Each structure stands twice: as C-alpha cells, then as structure tokens.
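Examining the three-dimensional arrangement
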Amino acid sequence: MDTEDIGKLAQPGGGPGSTQHLARLAGTTMPESIPDVIRRLAAIHEYASGTSMLRDDDGIAAFTRLYHIITTRIGNMVDGGEFRDPAFLIRLDLEFAERYLRALRTYAEDMHRTPGVWRLLFDNRSDPRIAPVNFAVAGVNAHINFDLSCALVATWKHVTPDGDGPDSAQFYDYRLINEVFEQEMDPLREELGSFLSRGPDDAIWDRTANWVSDLVIRFTRDLAWDEAKRVWDRGADDKVMQASEEKLDTIASFVGERLLRAPILPV
C-alpha cells in the first residue's frame, strides 16, 4: 500500500453513511437493560468491522469488541447474583454505556460537539497506521478517564450513594469490576495483537504487561470514583458537572493522543 492509499484510508470518520448508520445502531434513548447494551454493542461492532477496509482492526470495531466482551461478562455476573447492590451496578452500566452511545450519535449530528477524547478515536478509526490494540486502549482511556465519573454521578441521582468504606455495597461492586478487566484483558490483548503478548503466556514481558494493565485499570477507576465523589459533594449541579467534564476531557484527550500514536504500548 503506497502513501497515497494510506492517506485516503486515514481520512476522519469512515464516511458519512457509516457514521450515520452507527448512530442509528446506538439507539435514540438510553438502553433499558444490560442485554439491550450488549445487543447494541454487537450491532455496532458488526457494522463497523463489516463496512471498514480495516475490518476488525477498525478503531470503533476494536474498542466496541472489547467493550462487548466486558459487558457480557458483567451481565452474566448480574444474572449469577454476584453483586451486593445490583440496582446500583445495573444503573451504572446503563449510564456508562449511554455515554459511549451518545458520543456516536453526537459525532453523526455534529462532530465538533463530540467530546474531544471520543472524536480523537472516531476521527482516526480508519487509519491503518494505528494498531487495533492502540485503538482499544484509547477507547478504554476515553470511557474510564472521561465517562466513568460522570456515569457514577448520574447513577447516584437515581440510586442513593452508600459511601465508599468497607460496608459500602456499591464500592464493593465497583471494585469487583476490576477483576473482570483482569480476567478478560490478557486474552483480549493477544487477540488485538499487543506486542508484549507475543510468545508464551508465562514470558516475563507478558506477565509484566498483565501486571501493568491491571494496575492502570485499578488506578484510573479509583481516580474516577474520587472525581465523582468530589462532584457529588459539591452538589453535582450543571456548573460543577460541566467544569468536571471539561477538565476530564482535556486530560483524557492529552493521554489518548499519545496512546494512539505510541509505537509500543506497555500493556
């Protein structure tokens, strides 16, 4: 593939038709259940990969595939009664998913109103110079470092927070999701072609990458919880929430740009 062909592939978005259809698959309202989230994510992944020249290596396809696997696991845990406060966990899952789905809808309506960190992924989704693992990690960065604290605050407006100490069922359930990432990320990293996942599973570089990945997920999710608490304690009004979102988008966009362009990720 010559430089001119790469440049054509690397144009923002993936085409207006693709963008509009992805927005329709995202739905017009917030999902009503975790199975509804799973269905929408499956449809988005299938369409993104099926219509992109990059197939499963497309940016939206790579992230949505990971997101679908994680959400399916969480849905199974809900069905298995593994959460102490299922009402909180389910509401958080729906609010969290709606943030991503809304970003897809907004991008189709007016890309300039899309949060910067999501626009970064959507604009570059067709760039063959970016590895699928970079797309997936950039999407996780957007969803955790930008969306998660906002989804927590939105959840607490429907399910009263119960603190974050050892007796908090909500904090226990929130932390339990870390284990889902720990169990699912290693095979996903291999499927996405992570450089450090090559070779035997017990290789020192693979074990190190697993440890770094787990540590980053725990750390960033704890930061999101702390930011949500800060916003909640300040009243969680529109002004406070907007200031928080703008700050988080700036930080997450700075990180996301570097994640997309990194030649080798330490995960």
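That block above? That's the structure.
Residues numbered from 1 in each chain as written. Predicted model: local features only at pLDDT ≥ 70, side-chain atom pairs only at ≥ 80, totals over all residues. Heavy atoms only, no water.

Under the counting rule described, the total for this entry stands at 18 salt bridges. Across the salt bridge formed by E109 and R113, the nearest N and O atoms sit 3.1 Å from each other. Using a relative accessible area of 58% as the deciding quantity, one classes E109 as exposed. For D123, the salt bridge identified is with R119, shortest N-O distance 3.0 Å. Here the residue D123 and the residue R119 both occupy positions in helix α6 (residues 116–124), the gap between them amounting to four residues, near one helical turn. Sharing partners across several salt bridges, the network here consists of D127, R129, E257 and R261. (Salt bridge = Lys/Arg side-chain N within 4 Å of Asp/Glu carboxyl O. Buried < 20%, exposed > 50% of the residue type's maximum accessible area, 1.4 Å probe, protein only. Helix = DSSP H or I, 4+ residues; strand = E, 2+ residues; numbered from the N terminus.)

Applying the stated rule across the entire model yields 13 aromatic pairs. Arranged with centres 5.1 Å apart and planes meeting at 85°, the rings of F63 and Y100 form a pair that is edge-to-face. Taken together, the positions of F63 in helix α4 (residues 59–79) and Y100 in helix α5 (residues 86–109) put the pair 37 residues apart, joining distant regions of the chain. Under the relative-accessibility criterion, F63 is labelled buried at 1%. On the basis of relative accessible area, Y100 is assigned to the buried category, the value being 0%. Ring geometry for Y100 against F122: centres 6.5 Å apart, planes inclined by 45°, an arrangement best described as tilted. Here F122 lies in helix α6 and Y100 lies in helix α5, a separation of 22 residues in the sequence. The same class applies to Y100 and to F122, which are both buried. (Phe/Tyr/Trp six-rings, centres within 6.5 Å; stacked < 30°, edge-to-face > 60°.)

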